[in-house]
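Chain residues, written in single-letter form:
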4 protein chains.
Amino acid sequence: MAGNGIGTQFRFTTFGESHGVALGCVVDGVPPLMDLDEAWIQSFLDRRKPGQSRFTTQRREPDAVRILSGVFEGKTTGTPVCLMIENEDQRSKDYGDIKDKFRPGHADYTYWERYGIRDYRGGGRSSARETAARVAAGAVARRVLEAVPGGVTIRGALVQVGPHKVDRARWDWDQVDQNPLFCPDAVAAEEWAAYLDGIRKNGSSVGAVVEVVASGVPAGLGEPIYDKLDSDLARAMMTINAVKGVEIGAGFAVAELTGEENADEMRAGPDGKPAFLSNNAGGILGGLSTGQDVVVRFAVKPTSSILTPRRTLDVHGNETDILTKGRHDPCVGIRAVPVGEAMMACVLADHWLRFRAYR
Amino acid sequence: MAGNGIGTQFRFTTFGESHGVALGCVVDGVPPLMDLDEAWIQSFLDRRKPGQSRFTTQRREPDAVRILSGVFEGKTTGTPVCLMIENEDQRSKDYGDIKDKFRPGHADYTYWERYGIRDYRGGGRSSARETAARVAAGAVARRVLEAVPGGVTIRGALVQVGPHKVDRARWDWDQVDQNPLFCPDAVAAEEWAAYLDGIRKNGSSVGAVVEVVASGVPAGLGEPIYDKLDSDLARAMMTINAVKGVEIGAGFAVAELTGEENADEMRAGPDGKPAFLSNNAGGILGGLSTGQDVVVRFAVKPTSSILTPRRTLDVHGNETDILTKGRHDPCVGIRAVPVGEAMMACVLADHWLRFRAYR
Amino acid sequence: MAGNGIGTQFRFTTFGESHGVALGCVVDGVPPLMDLDEAWIQSFLDRRKPGQSRFTTQRREPDAVRILSGVFEGKTTGTPVCLMIENEDQRSKDYGDIKDKFRPGHADYTYWERYGIRDYRGGGRSSARETAARVAAGAVARRVLEAVPGGVTIRGALVQVGPHKVDRARWDWDQVDQNPLFCPDAVAAEEWAAYLDGIRKNGSSVGAVVEVVASGVPAGLGEPIYDKLDSDLARAMMTINAVKGVEIGAGFAVAELTGEENADEMRAGPDGKPAFLSNNAGGILGGLSTGQDVVVRFAVKPTSSILTPRRTLDVHGNETDILTKGRHDPCVGIRAVPVGEAMMACVLADHWLRFRAYR
Amino acid sequence: MAGNGIGTQFRFTTFGESHGVALGCVVDGVPPLMDLDEAWIQSFLDRRKPGQSRFTTQRREPDAVRILSGVFEGKTTGTPVCLMIENEDQRSKDYGDIKDKFRPGHADYTYWERYGIRDYRGGGRSSARETAARVAAGAVARRVLEAVPGGVTIRGALVQVGPHKVDRARWDWDQVDQNPLFCPDAVAAEEWAAYLDGIRKNGSSVGAVVEVVASGVPAGLGEPIYDKLDSDLARAMMTINAVKGVEIGAGFAVAELTGEENADEMRAGPDGKPAFLSNNAGGILGGLSTGQDVVVRFAVKPTSSILTPRRTLDVHGNETDILTKGRHDPCVGIRAVPVGEAMMACVLADHWLRFRAYR
């Protein structure tokens, strides 16, 4: 069952449950001589933290990260970096009464079928808390990418909540950190806030779409045919809790495009590099990066922990209802934004290091 | 650059270019004592072959497969199975005049950036011909899945071409093999045929969406967190040429669903198994199979080899136009249907074998 | 540089340096529902601990292990098990004065060449302290092997120190835990003790040979051709610090045997299993286990940290001498015995789980 | 059972049985733009061919290799290179009468236990014929190593047959290709020839030791802790048929050395590189190359196919005798020399490419 790691050259394995002692990751393949300290990693975790707004889970976690290994006198040694975050605010009593019932839409039933045991507290390993470890690994990956000539910028944003979509004409990256929804459209941010207030008060939840863009990625990253950059990105995003779809560039919209509309034509650009006239490809062709922005979107389903009773079974197969009390997220897609950025960073770092074997 | 294989327990590596000597695959991890012969594999290749209708590339390839190893007296020995298909109809002269220009929307530019060399004939390794090797591997995978109690059925269909979608109320699996478009809706099949005739005559092309469904998959397959069944499926489908998006179950539509609408409630079913009241999850929760149909869809972009001139660059960076002559596909999505089935089979076979380590 | 993990189905990654904050491992692929607690793991660490006798390094470490994840109510959940051991007795001042010189026979120079940085304190990552993490992982592996019908017993012993070899006619496994040298021959144990006292007083060191035997291994484990059981064992033992050779069964002695002498003939045994008339194969033929005892031996070189000056270079390339003060081991082979057992356990656990995919 | 490949960045999978249609390998991770043709690969196969002298199996195989993919206009494209060798001289009738009996010392019994089926003709997949595929892969690896500044030279030799060892004072690499035994000592070559004539006439066989030396390996190759250069070499050599032990540098002799004797002291050498005063380390310290010659030795057991009856069982568990007729090798160690060179090349190529990710 060795499925807890991802990556080849730059690889990390996460460990830890929602209500266990600690969670964290071991990052393997970290190049030596990079500056790395806890403050750098903490800055990315702080962006992810629950309890930051009325839209995200009201669990208060300091998420303080410790570096247990792999750094000496402030620089990476090339040996594995183990990052650990101790769990503090677990509020086990919120969950104890449902330990024998399967929450529909959660992994309770499937984990039971596979393992015959599940840590029911807060979703155990399937909980979104595991993503704190990913964000920590992503911080290390971003450091790795600083070696790319010209630098790589990775930014994520929420582009849809429920039926409401961002207006791309109003897109402003600076807005993303100005509102609690990572929304790049100031007008939409207000509309969505009102909408989500209603959802939350009803004890309900709604889905979302996250978009992550990486700029400055050199052309040629990726390894056809089976370790393509886009297939690795698709896989990585799909490993995030609650994700049900991933697309690159124009994504599913390509179905309706003709060949003339879809292909990104080329003209001569500065420095001998091509200037593309569009980016339906999302920065990836034939599984390799083109040098354009790498654009990935993923859909996050609505939380299944909601405050209305649901029909289900218990572990003995008897029909019953289940009612989730306590904390819940009206839209888990919001907090998936930093996680999507982290996964983009990890996949790009992995491919960047593999690419360097030939330069 | 070891990116030419996929899978862990059941793993295959493909080799070969569009206009090279031969193409094929080596399938590693094949259980012993399974019946396997060339006729079985050939039957799946014949479903994929180009030149079968006016909608697919007019290249005539017998695609005759040979088993070079791994079978003794009609049964697998547990050693690698090497399958080889010799290339015959290559029509090199169709491509020779464009060896210095990058075709927009193809991998020409990206392969050049990465390798400094590309086999420009017919798209070399990035060509869709490589998928014949996948279909061959998929045939072996289907054999592996015959060991699953109750059996696993894998079926694919085209559900959208351009703006035209299938009507799910008219869905009939038996229709899929009755028309050249793998369409499960007899009415749509005729409409789409007329539509595609127009596209083809204009020398144009259009995108499509393929849906693959696997029934009879036992609950519990998949390995959280990073080798989840859905992330492996997403990755596998994204490795198919021209795919720009993958979704599971309700897919991107989950963004607009509320928690009540999305979660698949459970009642008691026969044999002590749950009966789910819906399948927005697409048969996968928390990265593990639920026992329901596994439903995957992927979007295929329109062919970029079309018969109108496109603006591009040559290998020296000069602006130029490019015009593709010869064979072209009005809709490559059609032939992706058997390939999607093959990838579903390979991923499920891999997870089935890994699952068995615990049963 | 993702070389910090080993194994496929049962896989572990270690982290941590000799003088860093902590060290440990993440064990991935642990089957669910196994009993696991800190006491079980601690019992194996206690067998390895330094400072136990006058023959091993006088560093006092409690080596107290904590389980950070993967266990719920005393049973494994199937998710990664992270084990952590905090470093306490580091005595940095013993090393500080040699941070610019390469100790001959150590990895100082090679790590410098590769990484451009090295944690010189106590050998950093190349130190034998990393093996505490392996012993911890080995404890988990032994638990996995308890599922093998009939049980698997793994025992190691020291069979040679310097020029002195054990007398196999006097071999008694019970003696191994009765003396500080893990020696199965009570007479040799006393001779070796006197010999090593002399070595230690001279500030010198000597090499050794360790033998590890696994009984009860079912026939058929291993995956030809490249994941053979013996090649995985050779690799695993060679990853232990200071090992310079590995052999199976008769090992290098086979060079002098004839075909008649070497081949282990078979007669009918109880329960329909073969009874072999000898075990030159060491329990492995063609890379697969035969059902006989798996016998592995490895040679450990003498410690290079000795108390006489050695000619070397400093980091600027100037010739100099180096003198190691402080703690040193007269024979690091002694403490390698539990480590060899742990590696045997991990490799067998990995192959056992992979074998189960076909039973 | 995905154990038929080896390597990470430079990776190959072999396929094919002794008496199947063909055998070969797929080499993944080949850098682009290298010259590669069939003549280059054939030259290495010709060195390995059976039937070359009275000391090696009298099977006449042309071993003609074909390149099926991965090369365009004489240069590698970066895509997988599939090399195929068709089997011709199989002489099945030599084996047919023993299909129900297990030959002692061969993998017959173990393969039966694992797979329930075995291709008994000539040892099927466990036969030494599989090594032709390795030699072919090794030829590609040597091409990869030509990119190492200063070049890497890989040479193998037989250093012991039965009780007879080479005299290192008479070592002359030029002698290796002057006699049919790959012996670097002209005097020993004659003695060994007479000795082996006797062995062969008696229908017997004897073991051997092979030594492979790589010169010009840059310092720093290898990835601690678990993908060390020496552990990968140990693993690779142990995957060769009939190998029962592997050692590096002084190998098992280190057990008898003191710390003073073993550690290779350093003085300042030309070009700022160290000049080591000895090479007990065999060119590897802490799992990384030092820049010195990498020296590996492995022991090959005597062939178990000999011309005297042996006691064994048949597939029904009944006691019986077995007598092997037809071709047999008095010393399989001889033909293992080019195979050892090939494995050295493949492992070094893999580590070289991984090393480049950081240079």
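Rules used in this analysis
- Residues numbered from 1 in each chain as written.
- Chains lettered and ligands numbered in written order.
- Predicted model: local features only at pLDDT ≥ 70, side-chain atom pairs only at ≥ 80, totals over all residues.
- Heavy atoms only, no water.
- Helix = DSSP H or I, 4+ residues; strand = E, 2+ residues; numbered from the N terminus.
- Buried < 20%, exposed > 50% of the residue type's maximum accessible area, 1.4 Å probe, protein only.
- Contact = heavy atoms within 4.5 Å.
- Areas by Shrake-Rupley, 256 points an atom, 1.4 Å probe, with all protein chains shown as cover.
- Buried area = accessible area lost by both parts, 1.4 Å probe.
- Salt bridge = Lys/Arg side-chain N within 4 Å of Asp/Glu carboxyl O.
- Nonpolar A, V, L, I, M, F, W, Y, C, P; charged D, E, K, R; others polar.
- Polar contact = N/O pair within 3.5 Å; in protein donor to acceptor, adjacent residues only side chain to side chain.
- Axes fitted to C-alpha atoms, helices over the stretch in contact; angles between N-to-C directions.
- Parallel < 35°, antiparallel > 145°, perpendicular 65-115°, else oblique.
- Left-handed = near helix turned anticlockwise from the far one by under 90°.
- Least-squares fit on C-alpha atoms with pLDDT ≥ 70 in both.
- Pairing = 2+ DSSP bridges.
- UniProt positions renumbered as here; feature names shortened; annotations may be inferred.
- Disulfide = S-S within 2.5 Å.

A word on the overall build of chain A
No. 1: When its secondary structure is counted, chain A shows 7 helices and 18 strands.
No. 2: Expressed as a percentage of its 359 residues, the buried residues of chain A come to 70%.
No. 3: A sequence separation of at least 24 residues applies to 70% of the contacts in chain A between residues at least 6 apart.
No. 4: As presented, chain A carries roughly 10600 Å² of accessible surface, and 48% of it is formed by carbon and sulfur atoms.

Some words on the interface of chain A and chain B
No. 1: With 107 residues of chain A at the contact, the number on the chain B side is 107 residues.
No. 2: Interface area for chain A against chain B, summed over the two sides, is near 8700 Å², with a carbon-plus-sulfur share of 56%.
No. 3: Of all residues in chain A, the largest losses of buried area upon contact with chain B belong to A:R114, A:Y226 and A:K244, amounting jointly to 11% of the total for that side.
No. 4: Counting every contact that joins chain A to chain B gives 6 salt bridges.
No. 5: Among the ionic pairs, A:E319 bridges to B:R267, the shortest N-O distance being 3.4 Å.
No. 6: Residues of the side of chain A that touches chain B, tallied by class, amount to 49 nonpolar, 32 polar and 26 charged.

With respect to the side chain of B:S69
Residues and elements named next belong to chain B.
No. 1: Here S69 is to be found in the loop between strand 4 (65-67) and strand 5 (71-72).
No. 2: For S69, the side chain forms a polar contact with the main-chain oxygen of P80, separated by 2.9 Å.
No. 3: At a separation of 3.2 Å, a polar atom in the side chain of S69 contacts the main-chain amide nitrogen of C82.

Overview of the packing of helix 5 (residues 229-238) of chain C against helix 5 (residues 229-238) of chain D
No. 1: Direction vectors running N to C along helix 5 of chain C and helix 5 of chain D enclose 160°, while the axes themselves pass 8 Å from each other. One element, helix 5 of chain C, and the other, helix 5 of chain D, form an angle in the roughly antiparallel class. At the point where helix 5 of chain C passes helix 5 of chain D, the crossing takes the right-handed sense. On helix 5 of chain D, the residues touching C:D230, C:S231, C:D232, C:A234, C:R235 and C:M238 of helix 5 of chain C are D:D230, D:S231, D:D232, D:A234, D:R235 and D:M238.
No. 2: In terms of residue class, the contact of helix 5 of chain C with helix 5 of chain D is built from 4 nonpolar, 2 polar and 6 charged.

Some remarks on the relation of the copies chain A and chain B
Put simply, the second copy of the chain is the first one after a rotation about an axis and a shift along it.
No. 1: Overlay of chain A on chain B (RMSD 0.0 Å): rotation 180°, translation along the axis 0.0 Å. The transformation relating the two chain copies, once decomposed into turn and shift, fits a two-fold axis. When C-alpha positions in chain A are compared against the rotation axis, the closest is assigned to A:R235, at 2.4 Å.
No. 2: A shared binding surface is used by both copies, with 100% of the interface residues of chain A retained as interface residues in chain B.

Details of the pairing of strand 3 (residues 22-28) of chain D
Every regular strand shows the same layout, with side chains that alternate between the two sheet faces.
All names here are of chain D.
No. 1: Burial within strand 3 is extensive, with 7 of its 7 residues counted as buried.
No. 2: Burial along strand 3 is two-sided: A22, G24, V26 and D28 and L23, C25 and V27, pointing in opposite directions, are all buried.
No. 3: Of the strand pairs in this sheet, strand 2 (residues 11-16) and strand 3 are connected by 6 bridges, and their pairing is antiparallel. Counterpart to G16 in the pairing with strand 3 is L23.
No. 4: Where strand 3 and strand 7 (residues 81-86) come together, 6 bridges link them in antiparallel fashion. Following the sheet pairing, C25 is matched in strand 7 by L83.

Overview of the UniProt feature "binding site: FMN" (unreviewed entry) in chain A
No. 1: Cross-referencing UniProt, the feature "binding site: FMN" (unreviewed entry) maps to A:R125, A:S126, A:S127, A:N241, A:A242, A:G286, A:K301, A:P302, A:T303, A:S304, A:S305 and A:R327 in the present numbering.
No. 2: As for its placement among the helices and strands, A:K301 is situated in the loop between strand 16 (294-300) and strand 17 (310-313).
No. 3: Residue class for A:K301 comes out buried when judged on its relative accessible area of 10%.
No. 4: Setting aside chain neighbours within four positions, we find A:K301 in contact with A:G105, A:G207, A:A242, A:K244, A:V332, B:V254, B:N262 and B:L285.

Here we look at the sheet that holds strand 8 (residues 153-161) of chain A
No. 1: Strand order in the open sheet formed by 10 strands is 9(A)-8(A)-10(A)-16(A)-11(A)-11(B)-16(B)-10(B)-8(B)-9(B), and the pairing between neighbours is antiparallel. Edge positions in the sheet fall to strand 9 (164-165) of chain A together with strand 9 (164-165) of chain B, since each of these pairs with one other strand and no more.
No. 2: By the bridge criterion, 5 bridges tie strand 11 (residues 243-248) of chain B to strand 16 (residues 294-300) of chain B in an arrangement that is antiparallel. Along strand 16 of chain B, the bridge assignment pairs B:V243 with B:V300.
No. 3: On the sheet, helix 7 (residues 336-355) of chain B packs against strand 8 (153-161), strand 10 (208-215) and strand 16 of chain B and is oriented at approximately 140° with respect to strand 8 of chain B.

A closer look at the state of the cysteines
Working definition of a disulfide: a covalent bond connecting the sulfur atoms of two cysteines.
Residues and elements named next belong to chain B.
No. 1: With the rule as written, the count across this model stands at 0 disulfides over all chains.
No. 2: The thiol of C183 is not disulfide-bonded; the next cysteine sulfur, from C331, is found 11 Å away.
No. 3: Taking relative accessible area as the criterion, C183 reaches 0% and is therefore assigned buried.
No. 4: On the accessibility criterion, C331 (0% relative accessible area) is buried.

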